[in-house]
There are 2 protein chains.
Amino acid sequence: MQSNGFVYLNGDIIPTKHAAISPFDVGLLRGYAVFDLLQTINGVPFQLDEHLERFRSSAALLGLEVPATNEEMHAAILELLKRNGHDEATVRLVLTGGHSPDGMHFDPSTPTFLIITHPMFAMPEHYYTEGAQLLAVEHRRELPEAKSTNYLTWLRNHHRLDETGAVDLLYHANGYVSEAATASFYVVKDGRIYAPDSGVLHGTVGTMVLELASEQFEIVRGPITMEQTLAADETFITSSVRGVVPIVRIDDHLIGSGTVGPVVRTLMGLCNEVMRADASA
Amino acid sequence: MQSNGFVYLNGDIIPTKHAAISPFDVGLLRGYAVFDLLQTINGVPFQLDEHLERFRSSAALLGLEVPATNEEMHAAILELLKRNGHDEATVRLVLTGGHSPDGMHFDPSTPTFLIITHPMFAMPEHYYTEGAQLLAVEHRRELPEAKSTNYLTWLRNHHRLDETGAVDLLYHANGYVSEAATASFYVVKDGRIYAPDSGVLHGTVGTMVLELASEQFEIVRGPITMEQTLAADETFITSSVRGVVPIVRIDDHLIGSGTVGPVVRTLMGLCNEVMRADASA
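Residues numbered from 1 in each chain as written. Chains lettered and ligands numbered in written order. Predicted model: local features only at pLDDT ≥ 70, side-chain atom pairs only at ≥ 80, totals over all residues. Heavy atoms only, no water.

1. Re helix α2 (residues 48-61) of chain B
All names here are of chain B. A rise of 1.5 Å per residue sets the reference length of α2, with its 14 residues, at 20 Å; its end C-alpha atoms lie 20 Å apart and thus fit the reference within 8%. Those residues of α2 lying buried are Leu48, His51, Leu52, Arg54, Phe55, Ser58 and Ala59. For α2, the buried positions fall inside an angular range of 160 degrees around the axis, keeping them on one side. Along α2, the residues that are exposed and aim more than 90 degrees away from the buried face are Asp49, Glu53 and Ala60. Considering only its buried residues, α2 is in contact with β3 (33-41), β4 (44-45), α3 (70-84), β5 (89-96), β6 (112-119) and α7 (204-213). With its phi angle positive at about 75 degrees, glycine 63 sits one or two positions after the end of α2. (Helix = DSSP H or I, 4+ residues; strand = E, 2+ residues; numbered from the N terminus. Expected span 1.5 Å × (residues − 1). Buried < 20%, exposed > 50% of the residue type's maximum accessible area, 1.4 Å probe, protein only. Arc of directions from axis to C-beta. Contact = heavy atoms within 4.5 Å.)

2. Some points on the domain arrangement of chain A
Note: interface size is frequently given as the accessible area lost on complex formation between the parts. Residues and elements named next belong to chain A. Here the domain parsing of chain A yields domain 1 (6-119) and domain 2 (126-280). Computed from C-alpha atoms alone, the centre-to-centre distance between domain 1 and domain 2 is 26 Å. Across the boundary between the two partners, domain 1 contributes 18 residues, which contact 19 residues of domain 2. The contact between domain 1 and domain 2 buries some 1,700 Å² in all, and 66% of this surface belongs to carbon and sulfur atoms. It is Phe35, Phe46 and Arg54 that lose the most area in domain 1 upon contact with domain 2, and together they represent 35% of the buried surface on that side. Summed over the shared surface of domain 1 and domain 2, the result is zero salt bridges. Counting residues per element, the ones that place at least two in the side of domain 1 that touches domain 2 are β3 (33-41) and α2 (48-61). Broken down by element, the residue count for the side of domain 1 that touches domain 2 peaks at seven residues, all from β3. Along the lines of polarity and charge, the residues of the side of domain 1 that touches domain 2 split into eight nonpolar, seven polar and three charged. (Domains from an automatic or database assignment. Buried area = accessible area lost by both parts, 1.4 Å probe. Salt bridge = Lys/Arg side-chain N within 4 Å of Asp/Glu carboxyl O. Nonpolar A, V, L, I, M, F, W, Y, C, P; charged D, E, K, R; others polar.)

3. Focus: the nonpolar core
If you look at soluble globular proteins, the nonpolar side chains tend to sit buried side by side. Grouped together as the largest cluster of nonpolar side chains are 102 residues, with contacts concentrated most on A:Phe113 and B:Phe113. With 45 residues, the next largest nonpolar core counts B:Leu134, B:Val188, B:Ala232 and B:Leu270 among its residues. (Core = buried A, V, L, I, M, F, W, Y, C linked by side-chain atoms within 4.5 Å.)

4. Some details on the relation of the copies chain B and chain A
Aligned on chain A, chain B shows an RMSD of 0.0 Å; the corresponding rotation is 180 degrees and the shift along the axis is 0.0 Å. What the rotation and shift describe, once combined, is the action of a two-fold rotation axis. Here 98% of the contact residues of chain B are again contact residues in chain A; the copies associate through an equivalent surface. (Least-squares fit on C-alpha atoms with pLDDT ≥ 70 in both.)

5. Regarding the pairing of strand β11 (residues 192-195) of chain A
All names here are of chain A. Of the strand pairs in this sheet, strand β10 (residues 184-189) and β11 are connected by three bridges, and their pairing is antiparallel. Across the sheet, lysine 189 pairs through a bridge with arginine 192, a residue of β11. In sequence, β10 turns back onto β11 through a hairpin of two residues, with aspartate 190 there showing a positive phi of about 50 degrees. Pairing analysis gives four bridges linking β11 to strand β12 (residues 218-221), with the strands arranged parallel. Across the sheet, residue alanine 195 finds its bridge partner in β12, namely arginine 221. (Pairing = 2+ DSSP bridges.)

6. Details of the pattern of salt bridges
Enumeration over the complete set of coordinates arrives at 14 salt bridges over all chains. With its nearest N and O atoms 3.4 Å apart, the salt bridge here joins A:Arg249 to A:Asp252. Residue classification places A:Arg249 among the partly exposed positions, given a relative accessible area of 29%. B:Arg242 is the partner of B:Asp168 in a salt bridge, and the nearest nitrogen-oxygen pair spans 3.2 Å. Highlighted residues: B:Asp168 in strand β8 (residues 168-173) and B:Arg242 in the loop between β14 (234-239) and β15 (243-250), separated in sequence by 74 residues.

Here you go:
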């Protein structure tokens, strides 16, 4: 049941079938691990530095250190992409606390460092042309500033996404929205873009898009209520593998007119321009 | 860096060094896994049926099914204990969602099922004679009724336990206490025992002790505030590997007189009686 191809494990690129994670790995026994995910554009890792920086930052929040330089990781990713022969891929970096004989203690100086690739999956085009739906779920991620491997709530609800065709979950708690399960979340009202400023993961594409958008739109950073969200003109999510996706429905509630609005359309254009430019660079 | 000895993996007992968890296991990539932990008394698994029942219940909350009968698991545990040659051991059962090619989808009919053993570690005797300390941490476990592998908050704070000598963390949120990170938590006031009735893991030893205690003491089930906890006469934790441990200090706050109280002393006696009886059975 192993995927074909190669993976990077603790410094070496090896056949996946020989890549053995110990049953005593604290990433398995206690979910003590962080990861990051990036995509390629024309085979080139997009926003590589931003992802490696976030990966290090997530690791630090767990008291772990990424055991490789950016140059080493860049070289490993390129070699892995070549060996796996993907046209386009998503690249997943995973760092765990490593071996734990008692399921409690581990030596942070000997982490498990894994890089794997997945073939790129195409997002349905209608998400972008007609807008997509989120399902609201009461939840706040533990240690939200770290991209930990803990996705219990998302995976438990994943069948609901498959059933409804919704693109992701929208996490909210105590009346405030935070982020989608696998994406950043933003709200547009009266031409302003509202962005949560704490209790969320730093989004690499979201940050890029907001920076570009700030030349045309006012960006308001701070907590966002669910009430504010449902009364928004437009809402959208951003993620590394999906770019900007317009959200026109949260559960059964239509946002604004229920169609892709002008601000999000502009942001999708800005995002696509950069990604196309990067692809031809 | 593998532990010596043998593990049980998907139906077979194999040398640990040959036990390979796939880098594509959703238990590793997404922390999608549950476990249970029991101890042996004179080499015999204590409260085996209760632990297997809880393991199945945790699995069901994640949409997973334990792929073995109780008899098969019992036989596998006994064989594993024999091969690993432990005098006494803790036995850990782990069930993940299995292989996930995209880090998102997996087939719940092909889970990863692992059983490993750890040599029993002795609890310092002074925890029982003088009482122990908990460190309060604002946290509520995700899906608390399931014993999932997610222990991010506990492991991030583990160095504080090592530094202070505290036995565990006490989780609290919105003014209410729930449980210790790796144990159930109870409060004693005016001769009554207070037990949280929801939002906590079902404790196997805790349930047994409360049942025995109910012949002498009134048991009050319901939410417990932190205020109530700090004003308690006595507090204690229960766990499979530690039995009843008196808690005489939470952070720097002494509980009652700061010494082991009469009710908890009685409960420790009741618990020890059962465990001795079980040992000589």
